[in-house]
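Below, each chain spelled out in residue letters.
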Amino acid sequence: MARKQELSAQEAVTEAKRYLNNAKEILREKGAKEDGFYQDSKYVKMAGHTAYSGVLFALDHYFGKKAKGRKDVDWYRINLSKEDRKILDSFTTVYEQLHLVMAYDGVGHDDVVKIGFREAVRIIDWIETRTAAAA
């Protein structure tokens, strides 16, 4: 596969959506959902990390390289705050729900998962709209 900098905007969005689909598939096939909770925290963590990585993949392509050092959550927040405050709110939700609550803590409450995925889709769709308008 081509490196992310070599991808077109549409290819990057497609790849980010693939990450989200993979995360959903992990939970569907291995999460063992019961009474509104995914029972296997190993797969909840894996799905949360995968979905969050998809959002970062799309954002990395959209914003490009950081001038110096590694990117961190504050770098994404600063860049998003310059673009769209509502998407910044979505990113904060994605960071908290997918990255912290799911990927680190392994919390598999169905509502947490739904909120995290919904906001991830919102960010990726926002990027898709922005990059299509710029093309």
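Note that the structure is a prediction, hence the values are computed from the model and not measured.

Asker: Got a minute to help me understand the overall build of the protein in this structure?
Answerer: Each helix and strand counted, the protein has five helices and two strands in total. Along the protein, from the amino end to the carboxyl end, the secondary structure elements read α-β-β-α-α-α-α. For 135 residues, the compact-globule formula gives about 14 Å, and the C-alpha radius of gyration of the protein, at 15 Å, lands near that figure. With respect to the principal axes defined by its C-alpha atoms, the protein has extents near 45 × 30 × 30 Å.

Asker: I'm lost on the packing of helix 3 (residues 73-83) against helix 4 (residues 85-104) in this one. Help?
Answerer: Helix-helix packing: each pair is described by the crossing angle between the helix axes and the interaxial distance. Remark: helix 3 packs on helix 4, axes separated minimally by 8 Å, with the N-to-C direction vectors making an angle of 160 degrees. The orientation of helix 3 with respect to helix 4, classified from their angle, is roughly antiparallel. Crossing of helix 3 against helix 4: the hand is right-handed. Between helix 3 and helix 4, the residues in contact are Val73, Tyr76, Arg77, Leu80 and Ser81 and Arg85, Ile87, Leu88, Phe91, Thr92 and Tyr95, respectively.

Asker: Got a minute to help me understand the side chain of Asp110 in this structure?
Answerer: Within the element layout of this structure, Asp110 appears in helix 5 (residues 110-134). Beyond its immediate stretch of four places on either side in the chain, Asp110 contacts Lys33, Gly36 and Tyr38.

Asker: Help me understand helix 5, please; the structure alone is not making it clear to me.
Answerer: Each α-helix winds once per 3.6 residues, and so residues spaced three or four apart point in a common direction. The end-to-end C-alpha separation of helix 5 is 36 Å, in line with the 36 Å expected for 25 residues at 1.5 Å each. Taken as a whole, helix 5 has its buried residues at Asp110, Val112, Val113, Gly116, Phe117, Glu119, Ala120, Ile123, Ile124, Trp126, Ile127 and Thr131. Each element contacted by the buried residues of helix 5 is listed here: helix 1 (9-30), strand 1 (33-34), strand 2 (37-38), helix 2 (41-63), helix 3 and helix 4.

Asker: Help me understand the nonpolar core in this model?
Answerer: The tendency in soluble globular proteins is for nonpolar side chains to be buried as a group. Ranked by internal contacts, the top residues of the largest apolar core, which has 36 residues, are Leu59 and Phe91. Elements represented by at least two residues in this core include exactly helix 1, helix 2, helix 3, helix 4 and helix 5. The dominant element in this core, judged by the number of residues it contributes, is helix 2, at ten residues. Setting aside residues no more than four positions away along its own chain, Phe91 makes contact with Tyr52, Val55, Leu56, Leu59, Val73, Tyr76, Arg77, Leu80 and Ile123.

Asker: So what exactly am I meant to see when it comes to the packing of aromatic side chains here?
Answerer: For any pair of aromatic rings, the description rests on two quantities: the centre-to-centre distance and the angle between the ring planes. Following the criterion strictly, the structure yields seven aromatic pairs and no others. Pairing Phe63 with Trp75 gives two aromatic rings, centres 5.9 Å apart and planes at 85 degrees, and the pair type is edge-to-face. Residue Phe63 is located in helix 2, and its partner Trp75 is located in helix 3; the two are separated by twelve residues in the primary sequence. Trp75 gets classed as buried once you look at its relative accessible area, which sits at 14%. Taken together, the aromatic side chains of Tyr62, Phe63, Trp75, Tyr76, Phe91 and Trp126 make up a single cluster linked through ring pairs.

Asker: Looking at this model, I keep getting lost on the side chain of Thr50. Mind explaining?
Answerer: Within the element layout of this structure, Thr50 appears in helix 2. For Thr50, a relative accessible area of 16% corresponds to the buried category. Beyond its immediate stretch of four places on either side in the chain, Thr50 contacts Tyr19, Asn22, Ala23 and Ile26.

What counts, and where the lines are drawn
- Residues numbered from 1 in each chain as written.
- Predicted model: local features only at pLDDT ≥ 70, side-chain atom pairs only at ≥ 80, totals over all residues.
- Heavy atoms only, no water.
- Helix = DSSP H or I, 4+ residues; strand = E, 2+ residues; numbered from the N terminus.
- Rg over C-alpha atoms; globule rule 2.2 N^0.38 Å.
- Axes fitted to C-alpha atoms, helices over the stretch in contact; angles between N-to-C directions.
- Parallel < 35°, antiparallel > 145°, perpendicular 65-115°, else oblique.
- Left-handed = near helix turned anticlockwise from the far one by under 90°.
- Contact = heavy atoms within 4.5 Å.
- Expected span 1.5 Å × (residues − 1).
- Buried < 20%, exposed > 50% of the residue type's maximum accessible area, 1.4 Å probe, protein only.
- Core = buried A, V, L, I, M, F, W, Y, C linked by side-chain atoms within 4.5 Å.
- Phe/Tyr/Trp six-rings, centres within 6.5 Å; stacked < 30°, edge-to-face > 60°.

What is shown is where atoms sit, not what they do.
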